[in-house]
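Breakdown of the fold
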Amino acid sequence: MTAPAVETRDLRREYKGGITAVDGVSLTVDAGGVFGFLGPNGAGKSTMVRMLATLLRPTSGSALVAGHDVMTNPGAVRRRIGVALQDAAIDPYMTGRELLRLQGVLHGLRRPDGRARADDLLGRVGLEDAADRRVGTYSGGMRRRLDLALSLVHEPVVLFLDEPTTGLDPTSRIALWDEVRRLNSEHGTTIFLTTQYLEEADQLADRVAIIDGGRIVADGTPQALKAGIGEPLLTVTAGEGSSPDDVARVLARFGRIVPGSAVNGAGVRLPGGSAAMADAVRALDEAGVRFQEIDLAEPTLDDVFLKCTGRHLEGAADAAAGA
Amino acid sequence: MSVATPVMRQTAALAWRSIVTTVRLPQAWFPALFFPLMLMAIFTASFGGAPGVVPGFPPVRGFLDFAVCGAIIQGVLIAGTTAGAAFATDIENGFFDRLIASPASRIAILTGRLGASIALGLSQAVLFIGIASAFGARVQAGIGGILIILAITALFAAAVAGLGVYLALRTGSGEAVQGMFPLFFALLFFSSAFFPLETMTGWYAGVAQANPISYLVEAMRLEVIGGGTAGTALAGAGIALGLALIAVGASALALTRRLRMAA
């Protein structure tokens, strides 16, 4: 059996001044998956990653990463993990290739191996053409891809990505997502990624934990978490000559009517999901009920966040609008 | 290369990175070359007639012979401040985190930076001696004298870089390290780096006499202007070595302290 990628027990970190950034987190992340650590700014995500990456000493509790204790055996952890930190430093005056070769030496690779590895990684993240240019001339997306490559020189078993796409444009974000997926599926690298974007957690992670105020408030597959909220909501507004009651009467055959969910119309929880939507629309048509707008709203991780914390995740509205 | 241990290879790689980033950034190397050369030129033009006329001035062929070692030490001080500030920037922007999240040797973090500063200091000394020679200065003690000058330069470069790294580790701020620069400069001017102790008066002379930099520069200078003995060379090298040991020791402790905050 492979050891879990991450296993923490009651992990805590207090900063001077009594601020508790991580407040008793017990978490087991199995090897081989993509784990999404979702939470707003200041929730404790980065503190958690810094502790797991041996950069910060926990105040109490324990943490095993790739089977090794971060406190008693940090060296063993460091040999097995890759870390791409938020706002990570990349020397603007060095070239991508130089930085990758340097990173290889730091990880104890022999010169020829380090060189070959650098070339290989440059190809993998699509930076061959920019390899000999100074990093100062790179775009934000190119820097993140280089950063990703830098964290991979020693083929880590567990890769920590702290907000890998914050501040990236949508195209660069999607390119990075593809790279992360490929890394996981082709190389079997376990990915531990923090994000404040619902969509990112939803798209990439096969398991999500939501952290707020230093505590885990929800943990499961995105599907299970969303399913916990309820079925998707179908809302239909009445057209000319039809009343909201006419609409409601037909929709009631497909699920539970949610009062007040639509202005001049009706809303219903659809256990059948989008497949049942077509049936509902056909039924409305057959019953001669005219309608204007139809909307099927799937539960989102923001609904999960809202349910667990009573607040929306920052930027959730923007992300939804952009998606 | 094949016999090199990982620590040696990591030291070399990190030193190389420090040198490359210095050389590619004009702000990083220009002041360390320009200001000492400018002062050397100005002093030589202003006080060129002083030797042999001003009482207490040692007998020299020309003022340039007298001034070149002060310029080397000044260059090393400026370069050391820049090195400390660069190290602090590495802490601020996360390069340091990347280093300590890797299994790289902790010693190499320090020796890499010190090695780079020593290499840069030596190149600077060779360049300054070369320029002074082109304008007529001569190292009286010959090749042996140049080697003594280079040895003291290397030790002093390690001392200043060690101090810079210490300040960087304690403050974690490039601006704070850069802010110490006027203090270093005062230390230099309150010494016999540019003028002989014999021409100084009052409390200023007292301060310069107590300043270790005075003895260090004088040991180097005697190799240029003549009159250096094994005793003066050893005294200068000894003082530089002492300063280097203190500064490097302090920076090693500061590094251990900072690493203890990590797991």
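Every value quoted in this text rests on a predicted model; they were computed, and no experiment measured them.

Focus: the overall build of chain B
Scanning chain B from N- to C-terminus turns up 11 helices and 0 strands. Tracing chain B from N to C terminus, the helices and strands come up as α-α-α-α-α-α-α-α-α-α-α. Radius of gyration (C-alpha) of chain B: 19 Å, near the 18 Å computed for a compact globule of 263 residues. With the principal axes as the frame, chain B shows a C-alpha extent of 65 × 45 × 35 Å. Within chain B, contacts between residues separated by at least 24 positions form 81% of all contacts whose residues are at least 6 apart in sequence.

What about the overall build of chain A?
Broken down by element type, chain A carries 12 helices and 14 strands. The C-alpha extent of chain A, read off along each of the three principal axes, is 80 × 45 × 40 Å. The buried share of chain A, taken over its 323 residues, is 46%. Residue pairs in contact within chain A that sit at least 24 positions apart in sequence constitute 68% of those at least 6 positions apart.

Concerning the pairing of strand 13 (residues 265–269) of chain A
The two faces of a sheet get side chains in turn, since along a regular strand they alternate between them. Residue and element names in this part refer to chain A. Along strand 13, 4 of the 5 residues are buried, which leaves the element largely enclosed by surrounding structure. Relative to strand 13, strand 11 (residues 233–238) runs antiparallel, the two sharing 5 bridges. Residue V236 lies in a different strand from strand 13, and its bridge partner there is A266. Direction of pairing for strand 12 (residues 256–257) relative to strand 13: antiparallel, over a ladder of 2 bridges. Following the sheet pairing, I257 is matched in strand 13 by V268.

Quick word on the sheet that holds strand 9 (residues 207–212) of chain A
Residues and elements named next belong to chain A. With mixed pairing, 6 strands are arranged side by side in an open sheet as 6-7-8-3-9-10. One side of each edge strand has no neighbouring strand; the edge strands of this open sheet are strand 6 (81–84) and strand 10 (215–220). The average undirected angle you get between the axes of adjacent strands in this sheet is 15°. The strands touched by helix 1 (residues 45–52) within the sheet are strand 3 (34–38), strand 7 (158–162), strand 8 (190–195) and strand 9, with strand 7 carrying the most contacts at an inclination of about 150°.

Topic: helix 10 (residues 212–225) of chain B
All names here are of chain B. In a regular helix each residue adds 1.5 Å, so 14 residues correspond to 20 Å; helix 10 covers 20 Å between its end C-alpha atoms and thus fits that length. Here helix 10 lies mainly inside the structure; 12 of its 14 residues are buried. Taken as a whole, helix 10 has its buried residues at I213, S214, L216, V217, E218, A219, M220, R221, L222, E223, V224 and I225. Looking at the packing, one finds that the buried side of helix 10 touches helix 3 (63–93), helix 6 (142–171), helix 8 (181–189), helix 9 (202–210) and helix 11 (230–261). G226 sits one or two residues past helix 10 and shows a positive phi near 95°.

What to know about the domain arrangement of chain A
Buried accessible area, meaning the area lost when the parts come together, often serves as the stated size of an interface. With domains assigned, chain A is organised as domain 1 (6–219) and domain 2 (231–297). The distance between the C-alpha centroids of domain 1 of chain A and domain 2 of chain A comes to 45 Å.

Some remarks on the pairing of strand 7 of chain A
Residue and element names in this part refer to chain A. The buried count for strand 7 comes to 5 of 5 residues, which makes it a mostly enclosed element. Of the two faces of strand 7, the one carrying V158, F160 and D162 and the one carrying L159 and L161 are both buried. Relative to strand 7, strand 6 is paired through 4 bridges, and the arrangement is parallel. Across the sheet, the residue bridging to V83 is F160, located in strand 7. Across 5 bridges, strand 7 lies against strand 8 in parallel orientation. Note on strand 8: the bridge partner recorded for F160 is F192.

Overview of the interface of chain B and chain A
Contacts between the two partners involve 25 residues from chain B and, on the opposite side, 25 residues from chain A. Those elements giving two or more residues to the side of chain B that touches chain A turn out to be helix 1 (6–23), helix 3 and helix 4 (95–101) of chain B. No other element matches the 7 residues that helix 1 of chain B contributes to the side of chain B that touches chain A. Residues belonging to the side of chain B that touches chain A are distributed by class as follows: 14 nonpolar, 5 polar and 6 charged.

The rules behind each value
- Residues numbered from 1 in each chain as written.
- Chains lettered and ligands numbered in written order.
- Predicted model: local features only at pLDDT ≥ 70, side-chain atom pairs only at ≥ 80, totals over all residues.
- Helix = DSSP H or I, 4+ residues; strand = E, 2+ residues; numbered from the N terminus.
- Rg over C-alpha atoms; globule rule 2.2 N^0.38 Å.
- Contact = placed C-beta atoms within 7 Å.
- Buried ≥ 20, exposed ≤ 12 C-beta atoms within 10 Å, placed from the backbone.
- Pairing = 2+ DSSP bridges.
- Axes fitted to C-alpha atoms, helices over the stretch in contact; angles between N-to-C directions.
- Expected span 1.5 Å × (residues − 1).
- Domains from an automatic or database assignment.
- Nonpolar A, V, L, I, M, F, W, Y, C, P; charged D, E, K, R; others polar.

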